[in-house]
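# Overview (structure and organization)
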Amino acid sequence: MLIIKTTSDSHKAMKDITNALLNNRYAACVNIIPRMRSKYVLDGRIVESREVMLLIKTSQALEANVYETIKELHNYDTPEISTIKTSNVDEDYANWLESALK
């Protein structure tokens, strides 16, 4: 199982990404974490904004599809897209995940 993370200031973009991933079965589950604060450097200055974070549960075989979908639907020119590789996943959950992706 992989967890792919992305953030955005647009709730609509994140809903569109989530729905596309689930409808295409590129993800078995997406956690939507609203109203987090992000601080980052943009154009040489520190910026703070409210963002939504997605934690996308998928398989290694679908990682490229998830990245492509995020890039296509994201509202940022250069969105954060990062993969978190899991080292241990409960067997029952892993089985559910694999069946949900078919």
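Residues numbered from 1 in each chain as written. Predicted model: local features only at pLDDT ≥ 70, side-chain atom pairs only at ≥ 80, totals over all residues. Heavy atoms only, no water.

## Observations concerning the packing of helix α1 (residues 11-23) against helix α2 (residues 63-73)
Condition: The axes are straight lines fitted to the C-alpha atoms, using for helices just the contacting stretch, and the angles between their N-to-C directions are given from 0 to 180°. Under the DSSP-based scheme used, a helix requires at least four consecutive residues in state H or I and a strand at least two consecutive residues in state E, with every element numbered from the N terminus. We call a crossing left-handed when the near helix sits turned anticlockwise from the far one by less than a right angle, and right-handed when that turn is clockwise. We call two residues in contact when some of their heavy atoms are within 4.5 Å. Under the grouping applied here, Gly and all other residues not named as nonpolar or charged are polar, the nonpolar ones being Ala, Val, Leu, Ile, Met, Phe, Trp, Tyr, Cys and Pro and the charged ones Asp, Glu, Lys and Arg.
Interhelical geometry of α1 versus α2 gives an angle of 145 degrees and a closest axis separation of 9 Å. Considering only the axes of α1 and α2, their crossing is right-handed. Of α2, the residues touching α1 (which contributes Ala13, Asp16, Ile17, Ala20 and Leu21) are Val66, Thr69, Ile70 and Leu73. Looking at the contact of α1 with α2, its residues break down into 7 nonpolar, 1 polar and 1 charged.

## Comments concerning α2
Here is the rule: Exposure is judged per residue with a 1.4 Å probe applied to protein chains only, and the accessible area is read against the type maximum: over 50% gives exposed, under 20% gives buried, and values in between give partly exposed. Relevant arc is that of directions from the helix axis to the C-beta atoms, nothing else.
Every buried residue of α2 is accounted for by Glu63, Val66, Thr69 and Ile70. Summarising the axial view, the buried residues of α2 lie within an arc of 130 degrees, below the 170-degree limit, and thus occupy one face. Pointing more than 90 degrees away from the buried face of α2 are the exposed residues Ala64, Glu68, Lys71 and Glu72. Buried positions along α2 lie against β1 (2-8), α1, β3 (45-58) and β4 (81-85).

## Here we look at the pattern of salt bridges
Rule in force here: Here, a salt bridge means any Lys or Arg side-chain nitrogen found within 4 Å of an Asp or Glu carboxyl oxygen.
By the definition in use, this model includes 4 salt bridges. Residue Lys5 is joined to Glu80 by a salt bridge in which the shortest nitrogen-to-oxygen separation is 2.5 Å. Placement of the pair is Lys5 in strand β1 and Glu80 in the loop between α2 and β4, with a sequence separation of 75 residues. In this structure Glu80 comes out as partly exposed when scored by relative accessible area, which is 28%. Across the pair Lys12 and Asp16 runs a salt bridge, and its minimum N-O distance is 2.7 Å. Separated by 4 residues within a single helix, Lys12 and Asp16 lie in helix α1, roughly one turn from each other. A network of salt bridges, in which partner residues are shared, links Arg37, Lys39 and Glu48.

## Thoughts on the pairing of β3
Under the convention used in this document: Any two strands with at least two DSSP-identified bridges between them are counted as paired.
As defined by bridge partners, β1 adjoins β3 across 7 bridges and the pair is classed as antiparallel. For Leu2, the partnering residue across the bridge sits in β3 and is Thr58. Inspection of the sheet shows strand β2 (residues 29-42) paired to β3 by 12 bridges, in the antiparallel sense. Residue Leu42 lies in a different strand from β3, and its bridge partner there is Arg45.

## Looking at the sheet that holds β3
With antiparallel pairing, the 4 strands of this open sheet are ordered in space as β2-β3-β1-β4. In this open sheet, the two edge strands, each paired with only one partner strand, are β2 and β4. Between one strand axis and the next, the sheet turns through 30 degrees on average, direction left out of account. Judged from the 5 bridges that link them, β1 and β4 form a sheet pairing that is antiparallel. Note on β4: the bridge partner recorded for Thr6 is Ile81. Against the sheet, α1 makes contact with β1, β2 and β3, and its axis sits at roughly 15 degrees relative to β3, the strand it touches most.

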